[in-house]
Each structure stands twice: as structure tokens, then as C-alpha cells.
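Structural description and commentary
Each chain, written out:
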Amino acid sequence: MARWCYRHRLVVLLLWVGALFGLGFSASTAGTNYANVFSLPDTDSKSAYDLMEKAFPNTSGDTDTVVWKVADGSVRDQAVRDRIRPALDDIAKMPGVGAVTSPYDARGAAQVSRDGTIAYAEVTFAKRANEVPKELVQDVVDTAQGAERAGLQVELGGQAIQRVQEPPQGLSEGVGIVAAAIVLFLAFGSFFAMTLPIAIAIFGVGTGLFATQLLSHTTDVPDIAPLLASLIGLGVGIDYALFIVTRHRRGIQRGLEPEEAAATALNTSGRAVLFAGGTVCIALAGMLVTQLRFLDGVVIGTSLTVVLSVLAATTLLPALLGFLGPRVLSRRQRRRLAAQGPETEGASGLAARWSTALEKRPRRTAALALVFMAVLAVPVLSLRLGATDQGNDDASTTTRKAYDLLAEGFGPGFNGPLQVVTEGGDTTALVKGLQDAPGVARVAALPPAQGVTVIQVVPTTSPQSVETDRLIDRLRDDVIPSAGVEAHVGGVTAVSKDFSTVTGDRLPLFIATIIGLGFLLLLVAFRSLVVPLTAALMNLIAAAASFGVLVAVFQWGWGLELLGLGKEGPINAFLPVIMLSLLFGLSMDYQVFLVSRMHEEWVHTRDNARAVRVGLAETSRVINSAALIMVCVFMAFVLSGDSGAAMAGVGLAAAVALDAFILRTALVPAAMHLLGDSNWWLPKGLEKRLPHLAVEPKEEAAPPAGPRGDSGPASAVHGFVRTAEGEPIAGAAVMLLSGGGRQLDRVESLADGSYIVSVPAPGTYLLSATAASYGSRARHVDVGEGPLVYDVELVEGEVDAVN
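Because the structure is a prediction, the values reported are computed rather than measured. (Residues numbered from 1 in each chain as written. Predicted model: local features only at pLDDT ≥ 70, side-chain atom pairs only at ≥ 80, totals over all residues. Heavy atoms only, no water.)

**A closer look at the sheet that holds strand 15 (residues 763-770)**
Taken in spatial order, the four strands of this open sheet run 13-12-15-16, and their pairing is antiparallel. This sheet does not close on itself; its edge strands, each paired only once, are strand 13 (743-748) and strand 16 (776-783). Averaged over all pairs of adjacent strands, the angle between their axes in this sheet comes to 20 degrees, without regard to strand direction. The pairing of strand 15 with strand 16 spans eight bridges and is antiparallel. Counted as the bridge partner of Ser-768 is Ala-778 from strand 16. Against the sheet, helix 22 (residues 608-636) contacts strand 15 and strand 16, and its axis sits at roughly 115 degrees relative to strand 16. (Pairing = 2+ DSSP bridges. Helix = DSSP H or I, 4+ residues; strand = E, 2+ residues; numbered from the N terminus. Axes fitted to C-alpha atoms, helices over the stretch in contact; angles between N-to-C directions. Contact = heavy atoms within 4.5 Å.)

**Concerning the environment of Thr-268**
Note on placement: Thr-268 falls in helix 10 (residues 258-285). According to the relative accessible area criterion, Thr-268 is buried, its value standing at 11%. A C-alpha to C-alpha distance of 9.4 Å links Thr-268 and Ser-596, two positions 328 residues apart in sequence. Among the polar contacts listed, one links the side chain of Thr-268 to the backbone oxygen of Ala-265, at a separation of 3.3 Å. (Buried < 20%, exposed > 50% of the residue type's maximum accessible area, 1.4 Å probe, protein only. Polar contact = N/O pair within 3.5 Å; in protein donor to acceptor, adjacent residues only side chain to side chain.)

**Digging into the packing of helix 10 against helix 18 (residues 492-526)**
Remark: helix 10 packs on helix 18, axes separated minimally by 10 Å, with the N-to-C direction vectors making an angle of 160 degrees. Here helix 10 lies roughly antiparallel to helix 18, going by the angle between them. Of the two possible hands of crossing, helix 10 and helix 18 adopt the one that is right-handed. Judged by residue contacts, Phe-275, Thr-279, Ile-282 and Ala-283 of helix 10 engage Phe-510, Ile-514, Leu-517, Leu-521, Leu-522 and Ala-525 from helix 18. Residue composition of the contact of helix 10 with helix 18, grouped by class: nine nonpolar, one polar and no charged. (Parallel < 35°, antiparallel > 145°, perpendicular 65-115°, else oblique. Left-handed = near helix turned anticlockwise from the far one by under 90°. Nonpolar A, V, L, I, M, F, W, Y, C, P; charged D, E, K, R; others polar.)

**So, the environment of Thr-399**
You can see Thr-399 is positioned in helix 15 (residues 398-410). Between the alpha carbons of Thr-399 and Asp-389 there is a distance of 9.8 Å; along the sequence they are 10 residues apart. Those residues in contact with Thr-399 that sit more than four places away from it in its chain are Leu-156, Gly-157, Gly-158, Ile-161, Gln-162, Gln-165, Gln-390 and Asp-393.

**Regarding empty space enclosed by the protein**
Scanning the model with the defined rule gives three cavities of 30 Å³ or more in all. The calculated volume of the second largest cavity comes to roughly 70 Å³. Forming the walls of the second largest cavity are Thr-279, Ile-282, Ala-283, Ile-514, Leu-517, Gly-518, Leu-521, Phe-584, Gly-585 and Met-588. At the level of elements, helix 10, helix 18 and helix 21 (575-605) are the ones that each hand at least two residues to the lining of the second largest cavity. Among the elements that line the lining of the second largest cavity, the one with the most residues is helix 18, at four residues. Per-class residue counts for the lining of the second largest cavity are seven nonpolar, three polar and no charged. (1 Å grid on protein atoms, 1.4 Å probe; cavity = no way out; pocket = protein on both sides within 12 Å on 5 of 7 lines; lining within 4 Å. Points joined across faces, edges and corners; volume = space filled by probe spheres on them.)

**Some thoughts on the pattern of salt bridges**
The tally for this structure, following the rule as stated, stands at 16 salt bridges. Between Arg-7 and Glu-259 there is a salt bridge whose closest N-O contact spans 2.6 Å. A residue pair is termed long-range when its members are at least 10 positions apart, and Arg-7 in helix 1 (residues 2-7) and Glu-259 in helix 10 qualify at 252 residues. In this structure Arg-7 comes out as exposed when scored by relative accessible area, which is 53%. (Salt bridge = Lys/Arg side-chain N within 4 Å of Asp/Glu carboxyl O.)

It is worth stressing that arrangement in space is one thing and function is another; only the former is reported here.
Here it is as C-alpha cells:
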């Protein structure tokens, strides 16, 4: 497939361009129909909602508030009335505004605070918040705030108002792409190579978002789904292309023709990309076990975007590589290739030195990494799930100011009133019990409608307070049963509490599901029990540490002002499910890329220390570059204006950084060094029953060696192991392996550096030499009828790869 796409690159490019523009035109024509459906069956708040829908079926329009405060006097003063009333009258006349309830009308008398300094008006739109035109909302804001003067403050709150103060759409994505481009240019040193991952991400995310927008007309997709889809799509799209382009560039530098290098890159890194994309989708699909309808649309949008990003990386990318040819290398690299010829296979520099140093001190490295992650995970012990509201907005926003003014004038609980709903029967005892309940500020019973009575209960504490949660439990468990009636507690605050409870109850099943699926995939891919167990444990450590960071920032408020993210509060109830899905999927990506390279080396040499050392040296740089890009993309979503997306961005940025820079670079390879050959252990009975799933391509077998004769070895390989300066290296491990990776002989070099290994028959073998204080070398050697003299030179800090 890679060769076909490379050779028919113009056709492939036109197909992708046509798909992007075709979906974009269809999506812009159809518009959006996102819907936030919080379906919580068998919960008390859902029963209350059903009764309220029966009593008030025509209250679908969004209701926002205009709040004003006077510095001196009262809001009832004629001077204040003369400025506010004309503004409210103008708002009421705007097309799309259903009604305005003013405190200066008879039915709005309760909309003035006790001290008379704060009042509010309710503006009811004809449509839901996400359907109200932004131009109309902006007109409302401008008209209301036009009444301000010295000593008269006017602010607005509500979901529709919140939409107009969000940054321009696409700002966070644009900032993330620019940051990723800078990292890519520093990594590649080539403008053309830099553009490839960016182009793949744009095509993958663009088609995914347009397709999700079209699907919103056929199924319930929440409005946060596009943000999360673009967040994860940009990250994986750039990363997957980065892995393939890196392998392609390496192939060209080692002498392959561009087409052959592209085919090899897709046959190696491309396989890992397919496998990694599948693990991300499986992890996302794990959200379905929670049976929370709100998350179904998130699964659809994010999974579709990941699938299209993988498809772009495996089809469009080889086509673009065909257009660039050798220009995927920088000018300096092309000149060096022409002057000095192909590079040797090996890894050197910081990555190789770190890999060698870690092999010498695996216990100390593992201990330091574990302590660091444990310290970061401590705050997770105080994790509290809930829902953010406009009280968590930045202090400079009008929604936050309106929220604070309402809390100041009418009490903290006014921003999140509870609705106690009952059908039929006498409510006198219930109202009396609610008024006497501790933690209740005010109680107001509305006139019955359709046999349903709604009693509004204003708590004394804020919607996000622990005391408000306890009040809801007290009303349900004690007050309502004591009144002898059947009633249900609803309202936004009660729904948030029930959603948090349901999510928390189902979280263990969800975690077990995605860990189990990830374990099975890695078990089949690497044919090992220990590798998937290690991966599962590392994923749990990364999750605990990243949630610790999330709690410290958003719940404790550490650094919120620095990030411009408003006020501290509970962690969004839906975030653990979404974040764990993305985290397990992304961390599985890095595990696959790291361990697949180790597995390649293990298959060839059956030397665990060498496999871990080579795998880490060759992949750590690209994994860290990919993680840095992900961190930039995720942190850019702090600018999205959506608290949920900002929370997810910070949490995922912390998770990816910790996973790549601490776990995959230090803790995982240290643990694999300590575990030794048991990393690759699999019971023989299980080996026969497992299906074969090749993450790496089958290597071309070397010419088979003949059987060992009865008279002993047919020949031998001998020589000296020396440093680059010619000094002998004693105690170096020298191994002779068959083309299939079976160890045939192993010796240690003598004091003068000499060695000799037995060869069973003429043929091609792999000779590997490793010394603890130096690097390693592995070369294929052709042995004829007689002994072969072969000297090995080891260079300190250099890690030499087999394939």
C-alpha cells in the first residue's frame, strides 16, 4: 500500500483534498446540532426532571441574567430606574428574546437584595443557549452594559452570555499547531519535513471534525466533543506522522532510495501507528461501559478523528513523501550524505549515553522515578468530583462578576437552587420541613401545574460546596421521608451530584475494562506476560500522578491565576473517564513504540540488556519530541475559553509529560533491566493458543546454516575486542547468533581482548559484542569453510542497532 500511495501520489493527494473540502462544504451547509444529554436513569434528579418536564413542557429557552449594583443609595432610586428600564425594554424588543422579567415589575419584586444595592432581571431567549445567535447575545450585552455609569455596575451571566466571551474558535488549535511546528523544526532542521506532520494533523482533524458535525444531526453529540476531538486528533496526528517521517529520514540517511525508505518506514513504524491508533480507539470505546449517554457522542467524535488521522498517516503521508523525495532531509544532511556516504546503523549522543548510564544504575533510577511520581500522586487522595460553573470563570469576565454579585446580594446558594418536585398530595408538611432543615436559606413553593408542585430551595452554601452535597443527602434521606410524601430533589446542583456519584461508582469497572483490553493487545503483540503487566502498572502510576497535578491546580488552586483559569473548584465529573481513556490510549502508544523496538532487538539477539539499551537509545529522542509536541498542543487548549477543555488540556499535558519523560525514559527501561529475560516470558501452552499479531515486520531470514557435524564445529570466528584507540577490552560479552536470533555460542574476551566463538557450518550469522563500560556492536558476518578473523571496535556511549 505504501508503494502504491508513493507512486500514485497525485491521485492520493487529490482524494484527500476532495474529502476535506467536500466534508467541509457539507458541514457548513448543514450547520451544527450539538446536544448535551445528561441521561441518568434510576437517579432522584432524573425523576424530578421528568416531573418538571410534565408540568412545564415549554421552558426550553435559555434564561440568562442582567445584574446591577449601586455603590450608594438603592437600585430602586429613580435615577437608577431611568438608566436600567430603557435598556431592559430595548432587550425585550430584540428578535429572539422571549421575555424579560424586571425587578421593577410586580412579579419581580423578589429580585432585589435585602439591602437594596443589588438587583437582577431575567432574560429568556426563544432558543437553547447553543442555538442563540452570538450577534443577538452580543447586542444584549452591549445594551445592558451601555446603562453603566459611575457608581452603577452592570454585569451579565448565563450560558448564552458565556458563549460570547469565549476566545475566537480555532485559537487554541492554531496556537498548538504553531508550537508543534517550532518543535518539529528544531527536531528535523528541515522546513519541508516540519510541514509533513502538520499537514497530516490538519487533514485528519479537519475531516474528523466535519464528519462529527454532520453526525450531530443523526445522534446526540455534546458540544465539548469537537474540542476534545481536535485536542486528541492534533496530538496523535502529529505524533504518528513524526514517528513515520523519522524512520523514513533514517532510511535515506543509511543509503536507501526515497521510495524504499518510505516503504520500509510504513512497514515498520506504520505498523506501530496502526496498532497504536487501534489501542487509542479501544481505550476511548471503554467509555461506553459507563453507560453515560453524554459520553457516547464524545466516543464517536474522538474515535472518528483518531481513525482518520491514522488513515492520513498511512496513505497521505507516503504520497507527500513522494513529492518531497530527498528534500525531506535538511540541506546540510543532504550534503553530508553526498560527501560521506550512508551513515552506519547506530545511536549516539545524549540518548545513547543515557541508555548506557541507566543500564548501570537501574535500581537507583527506578527508585527516584517512583518517589517522584508518588509525591505528585499525593493530592489525588483529596479528589472531589463535581461540576464547574461560572463561579470558576476568570475574575475579569462578566459572567464571573455577575455570579459574585448574585452571591453577594442573595446568598451563595442562589446560584444553584434546588428543586424539590412532588406530584399530588398536601405539601404543607414538606414545605415546613424544608424551611426548618439546617443549611436552607429560603423556600418558595410555586403554584401547582399539571398536578405537579415545584418547591424551590436555596441553600446557604455555594453549589460546589461539600455542605450543599450533604444538604441534598439530608433532604432525600431525612426531610422528605419525614413529611410523608413522595418527592424528588432536582436542579442543576442535584444533577451534578448524581452525575458525580454515578461516574464514581462506574469508574472501577471502566478502569478494569481498558486495562484488561490493553493487556490483551500487548500480550498478543509482544507474546509476553510481563510486558503488558508492566504497561498496566505504569499506566496506573501515570494516571495517579497526573490526577494529582490536576487536583493541585484546579481543586487546590495552585497556579490558577498564573494560567488565567479563574477560581478553584471540584474536578468535572466526566473528566476522569475522558482523561483516563485518552491517557491509557496515548501511553499505550509510547509503550508500543518503545517496546516494539526492544522486541525487534530481542528477536535478533536474545539479549535483554542489549534489547532494552538499543530500544531506549533509538526511540527515546523521538518519543520525547512527540511528547513535547503533545504537551504544547494540550496546553494550548487553556486558551479555548471552555473550563472542561482547559482542565482536560492541563491534565493530559501533565500525563503525557510524566509518561514520556519519567516513565518511558526512566522507569520502564529500568524495570525491564531489573526483570531481565523474564520480560519476554510466555507459557508454552499460551504461546500455542494466542493469535499472531505482528507489530514489527518479518525480517528477511539469513541464509540457513547447515547442521552441526559430529566432528565438532565447522569453523570459528576469532579476533580482538578493542577501543577506538586500540586498547584491549577484557570481559566483553561476544555472542554468535543464527539468522533467526538463536544464540549459538557466547564467550568473554580475555585480558588481551581476544575471543573465539564456534561456528556450526558455513553461512551468515550475527556477531554481537557488548562491554559494560562501553557501547555495543552487532554485525552480520559471512563465514566460509575456514576460520574468519573479525576484530570488533567498541566506542563509549555508542549503541549499535542490529537491523
